[in-house]
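# Descriptive analysis of the structure
One-letter residues, chain by chain:
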Amino acid sequence: GGLEASQTLPEEVKGQLLGEALFIRAMTHFYLVNLFGDIPYITTTDYELNRQVSRMQESLVYDNILADLADAKAFLGDTYVSSERIRANKHVVSALLARVYLYLGQWENAENESSLLIDNTSLYNLPMNIEEEFLKTGHSAILQLKTKMEGFSTTEAMTLIFTSGPPPLLALNEDLVEEMETGDLRRLHWVGEVTDGTNFWYFPHKYKQGTSLQYSVVFRLAEQYLIRAEARAMQNNITGTQQDINKIRQRAGLQDTPASTTEELLQAILDERRFELFTEHGHRWFDLRRFGIAGEILSPIKSGWQPTNILLPIPESELLMNPNLNPQNPGY
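Procedures and definitions
- Residues numbered from 1 in each chain as written.
- Predicted model: local features only at pLDDT ≥ 70, side-chain atom pairs only at ≥ 80, totals over all residues.
- Heavy atoms only, no water.
- Salt bridge = Lys/Arg side-chain N within 4 Å of Asp/Glu carboxyl O.
- Helix = DSSP H or I, 4+ residues; strand = E, 2+ residues; numbered from the N terminus.
- Buried < 20%, exposed > 50% of the residue type's maximum accessible area, 1.4 Å probe, protein only.
- Polar contact = N/O pair within 3.5 Å; in protein donor to acceptor, adjacent residues only side chain to side chain.
- Contact = heavy atoms within 4.5 Å.
- 1 Å grid on protein atoms, 1.4 Å probe; cavity = no way out; pocket = protein on both sides within 12 Å on 5 of 7 lines; lining within 4 Å.
- Points joined across faces, edges and corners; volume = space filled by probe spheres on them.
- Nonpolar A, V, L, I, M, F, W, Y, C, P; charged D, E, K, R; others polar.
- Core = buried A, V, L, I, M, F, W, Y, C linked by side-chain atoms within 4.5 Å.

Tallied over the entire structure, the rule returns 28 salt bridges. Salt-bridge contacts for Arg-87 lead to Glu-20; the nearest nitrogen and oxygen are separated by 2.8 Å. Here Arg-87 is found in the loop between helix 4 (58-75) and helix 5 (90-104), whereas its partner Glu-20 is found in helix 2 (residues 11-36), with 67 residues between them in sequence. Residues Arg-232 and Glu-111 are paired through a salt bridge, measuring 3.1 Å at the closest nitrogen-oxygen approach. Note that Arg-232 is positioned in helix 10 (residues 221-233) and Glu-111 in helix 6 (residues 107-118), a separation of 121 residues in sequence.

Structure representation (structure tokens):
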């Protein structure tokens, strides 16, 4: 409201800021709806209104997300506002749109949005050297988060890397590492390991400590290839699906996929997403949910797993402040 009412901001700046705000609002609600299910869609800064909001159906949340992204696209330009890729433009909106359409099963729309990025080779391309994937100057980056201060390592590097075992916070699942194919360059370059002479522990090493050459990646081109592969598979475009999967596999030093039926290709995409996107913004969890296999994969390894665990509980503090958010999600 304040932005739109401004008389002094140039229209170009106003449009950029409005577009960015709409994009961030859509992205925030996208994560919330995937974690909590039915949620309110907050469109105002009026706290008196916001403290009384009720949850709306997931499908309506997605309608709001799509409307915000359409508006964001209309406001934003094709270029980045600086030499760094840290603020949204039209292409960044396409990256999120492609993912949203994929989650909604709108295959043709997902393919179209991802193709806008994949085909824009002047801005985006996959570095064939996998070590360059997370550089702040990399051409596969669509949107990145700048580090807290100039010269700092990324938050991921500071949080996820450990130098002695057992790890203080968390480690990579051994199954993930052991199930990577022999010769997978992602195993070599994106997984670190620590041993005490008897036990081994693994950590994600996409980001390195002590380097100022990286920013945290929010969207990158490899995901768009995997989105398009899945959208094509669901439209029975076998050859196109294989081409997109193979682009990712070849970069990882692997042979072309042997998968040739829709069912085999969908499994291959799920595997490729697991090995390509691990420890990035919850992809694996969301994939297990939307493929309907969370229970199958997690019940053998997570004690007390319940089918209702596919949604998080609404925080009690939120329910106490606003009873309109009831009922609580099932199982809690």
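Moving on: the side chain of Asn-120. Here Asn-120 lies in the loop between helix 6 and strand 1 (141-145). With relative accessibility at 17%, the residue Asn-120 sits in the buried group. Within polar-contact distance, the side chain of Asn-120 engages the side chain of Ser-122 at 3.0 Å.

What follows is about the side chain of Thr-241. With respect to the element layout, Thr-241 can be found in helix 11 (residues 238-251). With sequence-adjacent residues up to four places away left out, Thr-241 is seen in contact with Ala-229, Arg-232, Ala-233, Leu-265 and Ile-269.

With respect to the helices and strands, Glu-174 occurs in helix 8 (residues 174-178). Note: C-alpha distance between Glu-174 and His-91 (83 residues apart in sequence) is 36 Å. Glu-174 has contacts with Phe-200 and Tyr-202, leaving out every residue within four places of it along the chain.

For the largest pocket, the calculated volume is near 810 Å³. Around the largest pocket sit 27 residues that line it, and Asn-173, Arg-284, Trp-285, Leu-288 and Leu-298 are the ones nearest its centre. If you list the elements that add at least two residues to the lining of the largest pocket, you get helix 8, helix 13 (283-290) and helix 14 (294-298). Top element by residues in the lining of the largest pocket is helix 13. It accounts for four residues. Here the residues of the lining of the largest pocket are counted per class, giving 16 nonpolar, five polar and six charged. Of the voids in this model, the second largest pocket is the one considered here, and its volume is about 370 Å³.

Moving on, we get to empty space enclosed by the protein. Enumeration according to the criterion identifies two cavities of 30 Å³ or more in this entry. Taken as a whole, the largest cavity holds about 60 Å³ of empty space. Forming the walls of the largest cavity are Glu-156, Ala-157, Leu-160, Ile-161, Pro-204, Lys-206, Tyr-207 and Thr-279. Here the lining of the largest cavity takes three residues from helix 7 (residues 155-160), the largest share from any one element. Taken together, the residues of the lining of the largest cavity break down into five nonpolar, one polar and two charged.

Here we take up the nonpolar core. With 51 residues, the main nonpolar core has Phe-23, Ile-65, Leu-69 and Phe-219 as its most contacted residues. Mapped by element, the contributors of at least two residues to this core are helix 2, helix 4, helix 5, helix 6, strand 1, strand 4 (216-220) and helix 10. When residues of this core are assigned to their parent elements, the largest contribution, 10 residues, is made by helix 5. Among the nonpolar cores identified, the runner-up in size contains 19 residues, and Phe-134, Ile-161, Trp-201 and Phe-275 belong to it.

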